[in-house]
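Here are the chains, one letter per residue:
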Amino acid sequence: MQGEISGQHHGQPNLATTHPLGEDSTLELKQIVFRGAQKVIEPHPDGLSDELAAFANANGGTLVLGVDDKTLTATGIPAEQMETLKSWLRGIVNDRITPPLEILTENVELPNAAGERVTVIVVSVPRSLWIHESANGYFRRVADSKRKLTPDVLARLFQQRSQARLIRFEEQGVADTSLDDADALLLRRFLRQHEGDERKQLRRLHLLADLEGQECLSIAGVLLCTEKPVNWLPSAYIQAVAYSGVNNDPNEQLDAKDFDGPLDRQLWDAFDFVRLNMKVPARKEFGRVDYPQYSLRAVFEALVNAIVHRDYSIWGGRIRLHMFADRLELYSPGALPNSMTVESMQAMSLPRNDVLSSLFSRYYPVRDSGLGREYLMDRRGSGVDVILAESEKLSGKKPLIEMIADMELRVTIYAAKI
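Everything in this summary refers to the structure shown in the same document. These figures come from a predicted structure and were not determined experimentally.

Tallying each qualifying case throughout the model produces eight aromatic pairs. Residues Trp268 and Phe300 carry aromatic rings whose centres are separated by 5.2 Å and whose planes lie at 45 degrees to one another, so their mutual orientation is tilted. Taken as a pair, Trp268 in helix 8 (residues 263–277) and Phe300 in helix 9 (residues 296–309) lie far apart in primary sequence, 32 residues in all. Ring geometry for Phe360 and Tyr364: centres 5.0 Å apart, planes at 45 degrees, overall tilted. Each member of the pair, Phe360 as well as Tyr364, carries the same accessibility label: buried. Here the aromatic cluster, defined as three or more aromatic residues joined through ring pairs, consists of Phe190, Phe360, Tyr363 and Tyr364. The ring of Phe139 is capped by Lys146, whose NZ or CZ atom sits 6.0 Å from the centre of that ring. Stacked on the ring of Tyr312, the Lys or Arg Arg310 has its end atom at 4.3 Å from the ring centre.

So this is what it looks like as structure tokens:
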């Protein structure tokens, strides 16, 4: 695969106007310095390769060549040196970045300090499906600078973006486990009479795996079939805290619990925590009518999504459930999978953990009525719609769904005024 640079466009708006504060997480500015007519001496090609790869390894971005990053003044690129610069840029994306990076370039005219129009090159770098190594290693754009990726973050990025059919994290074997570590009652829900050998059934469901030639429980097997998944996956639990006020203040803490059983039990324990700690006043003008703070359907959907779609490979990344007087906040570790965005969540359903999603929608019937579903997970992918519609109908405020530093998803559901 070869990197691509192409395209020309004139008359774009002034970048100093559209980005008055200069560089940010999606914009990098570079002044070009030539020696003679055929040699670019600034910026250094190694450093520029790191900047370009950092954009591709994050959420994409724009590099503008021919603008001073300190003054935001367009210095321009002489017409006679334009081809030299593009050839130099081609060499960087093809030879100093692995795999080669595909980019799009545009020629844009901007006014310089004297008001004269000069030409700069705008380089668009899309978010890549691959992880790119540049001259000095692996980098990712954070705020207005590149940051070198640590081995654990790099491993997660490779897993998230690889297009090869690699084994999914939840299917991987867990060292020092065996079928004996699973609870017999928890296993029983997955076994069907007349469907063959029990071990083969568990393997078909990816609850058993092989590791270095030895049979063991998979990540999914540990999460669903052991009494304490945290014995092997220390972050696989839900931390729940309820506060009397609106701030994360230990002095206002009303209740706090950690739920660390198998995933279905974590779900129900967290659901009961919300039911017990939310206010449900009643009015008696025409008989008793309850007015709960939250839609239990919305809370249930949010919890299911947090548990099934979280990234279990993140060390220390527990699910956090915080209840305040005016809102409920639910934090789920991991970036959105499969190139999804917060904006596209309503339009598509692309699970991170296919095994967990499949089993939750086929093997776990709900215990309570009134939730509008037969199994813990709805195969139709309507969970986000339910969260938004049910919560807004009750509180009058649309829930807020946002990514935090591309590492954690936060869902805020606002309480009804009671």
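What follows is about the environment of Gly76. Following the sequence through the fold, Gly76 ends up in the loop between strand 4 (61–65) and helix 3 (82–95). For the pair Gly76 and Ile121, spaced 45 residues apart in sequence, the C-alpha to C-alpha distance is 8.5 Å. Ignoring anything within four residues of it in the chain, the contact list for Gly76 reads Gly66, Val118, Thr119 and Val120.

What follows covers the pattern of salt bridges. Per the stated rule, a full pass over the model turns up 22 salt bridges. Among the ionic pairs, Asp255 bridges to Lys257, the shortest N-O distance being 3.1 Å. Among the ionic contacts, a cluster of salt bridges with common partners joins Glu28, Lys30, Glu51, Arg141 and Lys146.

Our focus in this paragraph is the nonpolar core. Counting 66 residues, the largest nonpolar core has Phe190, Leu207, Leu224, Phe300, Leu321, Leu359 and Phe360 as its most contacted members. Ranked by residues supplied to this core, first place goes to helix 9 with eight residues. Ignoring any residue separated from it by four or fewer positions in sequence, one finds Leu224 in contact with Leu186, Phe190, Leu207, Pro262, Leu263, Leu356, Leu359, Phe360 and Tyr364. Grouped together as the second largest cluster of nonpolar side chains are 23 residues, Val40, Leu48, Trp88 and Val125 included.

Glancing now at the pairing of strand 10 (residues 208–211). Looking down a regular strand, the side chains alternate between one sheet face and the other. For strand 10 and strand 11 (residues 214–217), the ladder comprises four bridges, and the chain directions are antiparallel. What sits directly across from Leu211, in strand 11, is Gln214. Linking two consecutive strands that pair antiparallel, namely strand 10 and strand 11, is a turn of two residues; a positive phi of about 55 degrees is found at Glu212 within it.

Criteria and cut-off values
Residues numbered from 1 in each chain as written. Predicted model: local features only at pLDDT ≥ 70, side-chain atom pairs only at ≥ 80, totals over all residues. Heavy atoms only, no water. Phe/Tyr/Trp six-rings, centres within 6.5 Å; stacked < 30°, edge-to-face > 60°. Helix = DSSP H or I, 4+ residues; strand = E, 2+ residues; numbered from the N terminus. Buried < 20%, exposed > 50% of the residue type's maximum accessible area, 1.4 Å probe, protein only. Lys NZ or Arg CZ within 6 Å of the ring centre and 35° of its normal. Contact = heavy atoms within 4.5 Å. Salt bridge = Lys/Arg side-chain N within 4 Å of Asp/Glu carboxyl O. Core = buried A, V, L, I, M, F, W, Y, C linked by side-chain atoms within 4.5 Å. Pairing = 2+ DSSP bridges.

Honestly, it's all geometry; don't read function into it.
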